[in-house]
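Residues per chain are reported as follows:
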Amino acid sequence: MAVLKVKFTKTKRDKLAQILWILNWVSVVSGVILFSLGLFLKIELKKRSEVMAKGDINSVPNMLISVGVIACIINFLGGKICYDCSDANKFSRWKLVMLPYIVCTFCFTFCILVGALMCYTMRNELEESLYLGLRDAIKFYKDTDIPGRCFLKKTVDMLQIGFRCCGNNGFRDWFEIQWVSARYLNMASKEVLDRLKSNVDGKFLLDGVPFSCCNPSSPRPCIQYQLTNNSAHYNYDFLTEELNIWMKGCREALLDYYTAIMRSIGIAALFIWSFELSVLIGVRYLQTAMKNVLLLGDLEGESEGWLLENSFVETAKYNINIIKNLGKANQISTVSGVNDPNVDVQNTNCGKSSITTKTLPAAS
């Protein structure tokens, strides 16, 4: 029994073909939107690539860009098919193409759904990439005179100022690394030498942060050095007083920023997926209705259209059997009583002849 069977008159078939023709052109625009969203996300990720570890974070924008290009091509072809389907004579040349087109479009719409879901599952990969990238960027913050790393100081400073953040997880990350270059240390100073000797790795560690961690909205001048030394500042207690530096870590700030972008892109992709699916359903109804018109032979009469010719269970069983039989196409039949014509053939006696030979009588 057919699933969701609907009767169509010639007028309804023509209107459905015209509506689908328009919707396919709208779908071309949706493909452009998907392409633009993927390109936008790729550019945004590229902007912060210096503080991201290499990974598969570009899989989502690449997926959206690819799906957007395919959407434009498929929906352009779909518009041409639906336009011709308003005429039964023109439909005959698309009859063999429409079912493969519908199957391919179904797979394509599934890819849109996968791309939308990937926008929500990308957070963990992005968080790990940001953690590793920011860790290395902060580690090499002081290397302003080393090629390949000299840009990291400016990158980190602009990142902390723009996103109002400090460090990777927080401002205390700066306490664990030497972020002041050795070229700016006065080696004649006893304080500097004592700090270098007090660390087993010989690093110059401070309980301070770069200037880019300062909050300019704070009424008090920025305290960026000796943050844990209450006696070094007037009327100051770092345990109780709200510090005038950014408290949020840059990993969290960037993660919130990209999560908001990807959530918006995911919602847009889900909306486009639902729209593409509705257009595909309409094309399926048009294809089955026009096919039945040709079978009935009455181009002006009514015809039935459906989503599936048989029930879901029967369709699933039929497709499963097709898949199972794909590997048996080249196997020899082993059914009892049925022999291959090339097997067990009786060998003919080519060396001996069963015909008796007669000798000619000798002449007297």
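Values in this document were obtained by computation on a predicted structure and should not be read as measured data. (Residues numbered from 1 in each chain as written. Predicted model: local features only at pLDDT ≥ 70, side-chain atom pairs only at ≥ 80, totals over all residues. Heavy atoms only, no water.)

**What to know about the overall build of the chain**
Moving on, step 1. Summing up its helical and strand segments, the chain has 9 helices and 2 strands in all.
Moving on, step 2. Shown N-terminal to C-terminal, the secondary structure of the chain runs as helices and strands in the order β-α-α-α-α-α-α-α-α-β-α.
Moving on, step 3. The proportion of buried residues among the 364 residues of the chain is 38%.
Moving on, step 4. At a minimum sequence separation of 6, the contacts of the chain that also span at least 24 residues come to 73%.
Moving on, step 5. In the form shown here, the chain has an accessible surface area of approximately 22600 Å², with 60% of it arising from carbon and sulfur atoms. (Helix = DSSP H or I, 4+ residues; strand = E, 2+ residues; numbered from the N terminus. Buried < 20%, exposed > 50% of the residue type's maximum accessible area, 1.4 Å probe, protein only. Contact = heavy atoms within 4.5 Å. Areas by Shrake-Rupley, 256 points an atom, 1.4 Å probe, with all protein chains shown as cover.)

**Here we look at the packing of aromatic side chains**
Moving on, step 1. A complete count under the given rule lists 8 aromatic pairs for this structure.
Moving on, step 2. Relative to W174, the ring of Y141 has its centre 5.0 Å away and its plane inclined at 75 degrees; by these criteria the two rings are edge-to-face. Linking Y141 in the loop between α5 (123-139) and α6 (152-163) with W174 in the loop between α6 and α7 (190-198), this pair joins segments that are 33 residues apart in sequence. Comparing Y141 with W174 shows no difference in burial state: the two are buried.
Moving on, step 3. Between W179 and Y225, the ring centres sit 6.2 Å apart and the planes meet at 15 degrees, which makes this aromatic pair stacked. In this pair, W179 is assigned in the loop between α6 and α7 and Y225 in the loop between α7 and α8 (250-296), connecting sequence segments 46 residues apart.
Moving on, step 4. In this structure W179 comes out as buried when scored by relative accessible area, which is 8%. (Phe/Tyr/Trp six-rings, centres within 6.5 Å; stacked < 30°, edge-to-face > 60°.)

**A short note on the UniProt feature "transmembrane region" (unreviewed entry) in the chain**
Moving on, step 1. UniProt's entry tags residues 20-40, 60-78, 98-120 and 265-286 with the feature "transmembrane region" (unreviewed entry), counted in the numbering of this structure.
Moving on, step 2. The span residues 20-40 is 100% helical and 0% strand by assignment, and the distance between its end C-alpha atoms comes to 30 Å. (UniProt positions renumbered as here; feature names shortened; annotations may be inferred.)

**Topic: the state of the cysteines**
Moving on, step 1. Counted under the stated rule, the structure contains 3 disulfides.
Moving on, step 2. At a sulfur-sulfur separation of 2.1 Å, the disulfide partner of C166 is C213. Taking the sign of the S-S torsion, about 85 degrees here, the bridge from C166 to C213 comes out right-handed. With C166 in the loop between α6 and α7 and C213 in the loop between α7 and α8, this pair connects stretches of sequence that are 47 residues apart.
Moving on, step 3. You can call C166 buried: its relative accessible area is 0%.
Moving on, step 4. Overall, the relative accessible area of 0% leaves C213 in the buried class.
Moving on, step 5. Each disulfide pairs two cysteine sulfurs, and for C214 the partner residue is C222, the sulfurs being separated by 1.9 Å. Handedness here is read from the sign of the S-S torsion; for C214 and C222, about -75 degrees, the answer is left-handed.
Moving on, step 6. Each bonded cysteine of the chain gets a number by its place in the sequence, and the pairs then read 1-6, 2-3, 4-5. (Disulfide = S-S within 2.5 Å.)

**A look at the environment of L159**
Moving on, step 1. Looking at the element boundaries, L159 is found in helix α6.
Moving on, step 2. Residue classification places L159 among the buried positions, given a relative accessible area of 6%.
Moving on, step 3. Remark: the alpha-carbon pair of L159 and V51, spanning 108 residues in sequence, is separated by 9.3 Å.
Moving on, step 4. With residues near it in sequence (within four places) discarded, L159 still touches R48, V51, L134, R164, C165, C250 and L254.

**Observations regarding a nonpolar patch on the surface**
Moving on, step 1. Judged by side-chain polarity, W21, I22, W25, V26, F76 and Y83 come together as a nonpolar surface patch covering roughly 610 Å² of accessible area.
Moving on, step 2. Examining the composition of the nonpolar patch, we find that 4 residues originate from one element, helix α1 (residues 10-47), more than from any other. (Patch = residues over 30% accessible without salt bridge, like charges linked within 9 Å, V, L, I, M, F, W, Y side chains within 5 Å. Salt bridge = Lys/Arg side-chain N within 4 Å of Asp/Glu carboxyl O.)

**Regarding the nonpolar core**
Side chains that are nonpolar tend, in soluble globular proteins, to be buried together.
Moving on, step 1. The biggest cluster of nonpolar side chains holds 78 residues, and the ones touching the most others in it are L126, W174 and V209.
Moving on, step 2. Elements that contribute at least two residues to this core include exactly α1, α2 (59-84), α4 (95-121), α5, α6, α7 and α8.
Moving on, step 3. Residue contributions to this core peak at 17 residues, all from α8.
Moving on, step 4. Not counting residues within four places of it along the chain, the set of residues in contact with W174 comprises I138, Y141, V156, Q160, C166, G167, W179, L206, G208, V209, P210 and C213. (Core = buried A, V, L, I, M, F, W, Y, C linked by side-chain atoms within 4.5 Å.)

**Describing the confidence of the model for the chain**
Moving on, step 1. Looking at the chain as a whole, its pLDDT mean stands at 81, while 83% of the residues score no less than 70.
Moving on, step 2. Ranking the elements of the chain by mean pLDDT puts helix α9 (residues 312-326) last, at 67, and α6 first, at 94.
Moving on, step 3. Here residues 332-364 is modelled with pLDDT under 50, and outside its nearest four sequence neighbours on either side it reaches 0 contacts, counting other chains as well. (pLDDT = per-residue confidence, 0-100.)

**Describing the environment of R135**
Moving on, step 1. Position of R135 among the secondary structure elements: in helix α5.
Moving on, step 2. For R135 and G167, which are 32 residues apart along the polypeptide, the C-alpha to C-alpha distance reads 8.6 Å.

**Some points on α4**
Moving on, step 1. Here α4 is 27 residues long and its end C-alpha atoms lie 40 Å apart, about the 39 Å a rise of 1.5 Å per residue gives.
Moving on, step 2. Taken as a whole, α4 has its buried residues at M98, Y101, I102, T105, F108, T109, I112, L113, G115, A116 and C119. (Expected span 1.5 Å × (residues − 1).)

**Examining unusual backbone geometry**
Moving on, step 1. Residues other than glycine seldom take positive phi values, yet R164 does so here, at roughly 55 degrees.
Moving on, step 2. Of note in the backbone geometry, N235 takes a positive phi value of approximately 50 degrees without being a glycine.
Moving on, step 3. N235 gets classed as exposed once you look at its relative accessible area, which sits at 62%.

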